[in-house]
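One-letter residues, chain by chain:
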Amino acid sequence: MNRRIIFLTVLAMSALGVSAQRISAKHEVIDCGNVLYESPVTAKFELRNKGSDLIIDTVRTSCDCVVAEYPKGTIAKGDNFVVEVTFDARQLGHFYKEAAIYSNASDKPFYLTMRGVVVDHLTDFNGLYDFTLGSVHADKNNIEFDDVNLGEKPVQKIHFVNSGTENVSPVVMHLPDYLSASVSPTTIAPGHGGVATITLNSTKLRSYGLTQSSIYLGMFPGDKVSDDKEISVSAVLLPEFRNMSETQRLNAPVMKLSAETLDLGSFDDKDEKSGTIIIENQGKSRLNITSMQMFTTGLKVRLNKSRLDPGESAKLKITAYKKHLKNARSKPRVLMITNDPNKSKVVIHVEVK
């Protein structure tokens, strides 16, 4: 019975074209970044033979403007090898080129892809690389998606330069489902720059107001997560008021603050400082403060009333803690989400030295 099962399994694998020989690639897709017009660019694909002896019959490219170089002899089991794909870059704009490896490993080809943008001149990033992420220096380690409406897909970029002595292949790790990311180019030589593009899908945010998370910039696929590679990400999703009638707007709540910046002065020898903001409802219907959140650690808030009828007021006490604010990545702020259509998002800035 067991022999019959084994025999049927072998037949099924043969019918599906499954082979014990396998090719794996460090990168099946290589992003070449910006490429200068009429300057050929080569993508070096690092591959490994994970099966029995491998023989590459040919490598076919998607057009005549792309040529491939590959090993012509037998590649032993476990050996690494390189396929070089070169694009002549004679047309401006985005390019997406494929190379198909035909071999005795499978009846189907193994595909490699190179992509990038051909430009007529190269421009360097003019900002400052004030932050360190792993072995690269970056222009920021904190991303904020402000005033996002449901359905929007805003984009933020992090520019960085390889400050180490070896090539790096940065990858953005631990992405929540509402974020996607890409890094260009795929491999960055010492002294060269790259950019990580982070895209927010607002339809996947779970609630209005502030959503925060941490992502990490690894120096290679499979790199370990660590604090020195952390990128803080915050997004503020605004409530929907675009379908309100004119009558509804005229009868809506109106929020009035005693101040939008709370200046607490200097900590001096104190560990904490506190201040109060007065909130009034000057509208014609009840004001609801549906969410109150802090952009950073080191703040504590206390609101004595979150529902204010017309003419009523509330006290918002904000306390800042010296120890925790010292390591904050962004400026201390308090966020409120309300049903005032003109102030659905209210940010109170906290200044303390």
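Use the structure listed above.
This one's a predicted model, so the numbers in the text were calculated from it and none came from an experiment. (Residues numbered from 1 in each chain as written. Predicted model: local features only at pLDDT ≥ 70, side-chain atom pairs only at ≥ 80, totals over all residues. Heavy atoms only, no water.)

Next up on the list: the side chain of Asp 340. Tracing the chain through its elements places Asp 340 in the loop between β26 (333-338) and β27 (345-351). As a buried residue without a salt bridge, Asp 340 has its nearest oppositely charged side chain in Lys 343, at a separation of 6.1 Å. A polar side-chain atom of Asp 340 sits 2.9 Å from the main-chain amide nitrogen of Asn 342. The contact partners of Asp 340, leaving out residues within four places of it in the chain, are Phe 241, Pro 253, Val 254, Met 255 and Leu 287. (Helix = DSSP H or I, 4+ residues; strand = E, 2+ residues; numbered from the N terminus. Buried < 20%, exposed > 50% of the residue type's maximum accessible area, 1.4 Å probe, protein only. Lys, Arg positive; Asp, Glu negative; His and termini not counted. Salt bridge = Lys/Arg side-chain N within 4 Å of Asp/Glu carboxyl O. Polar contact = N/O pair within 3.5 Å; in protein donor to acceptor, adjacent residues only side chain to side chain. Contact = heavy atoms within 4.5 Å.)

Let us look at unusual backbone geometry. With omega at -10°, the peptide bond leading from Ser 184 into Pro 185 counts as cis. Relative to the helices and strands, Pro 185 resides in the loop between β15 (179-184) and β16 (193-200). Of note, the phi angle at Ala 89 is positive, near 55°, even though the residue is not glycine. Judged by relative accessible area, Ala 89 falls into the buried class, the value being 0%.

This part is about the pairing of strand β17 (residues 209-218). Of all 10 residues that make up β17, eight are buried, and the element is covered over most of its length. Where β17 meets strand β18 (residues 230-237), eight bridges bridge the pair, whose relative direction is antiparallel. Residue pairing across strands places Ser 213 opposite Val 233, the latter belonging to β18. (Pairing = 2+ DSSP bridges.)

Read from one edge of the open sheet, four strands run β12-β18-β17-β14, paired in mixed fashion. Unpaired on one side and paired on the other, β12 (142-148) and β14 (171-173) mark the two borders of the sheet. Looking at each pair of strands side by side, their axes are set apart by 25° on average, direction ignored. (Axes fitted to C-alpha atoms, helices over the stretch in contact; angles between N-to-C directions.)

Side chains of nonpolar character tend, in soluble globular proteins, to be buried together. Ranked by internal contacts, the top residues of the largest apolar core, which has 28 residues, are Leu 47, Ile 101 and Met 114. Going through the elements one at a time, β2 (29-36), β3 (41-49), β4 (54-61), β5 (66-69), β7 (80-87), β8 (93-103) and β9 (110-119) are the ones with two or more residues in this core. Those residues within four positions of Ile 101 in sequence are excluded, and the remaining contacts are Ile 23, Leu 47, Ile 56, Thr 58, Val 59, Val 83, Pro 109, Phe 110 and Leu 112. Listed in part, the 25 residues of the second largest apolar core include Val 136, Val 183, Leu 200 and Leu 237. (Core = buried A, V, L, I, M, F, W, Y, C linked by side-chain atoms within 4.5 Å.)

Spatially, five strands are ordered β10-β11-β13-β16-β15 in an open sheet, and the strand pairing comes out antiparallel. Taken across any chain shown, the strands that pair with only one partner, and hence form the sheet edges, are β10 (131-133) and β15. The sheet shows a mean angle of 30° between the axes of neighbouring strands, direction not considered. Strand direction decides the pairing type here: β10 and strand β11 (residues 136-138), joined by three bridges, are antiparallel. Each bridged residue has a counterpart across the sheet, and for Leu 133 the counterpart in β11 is Val 136.

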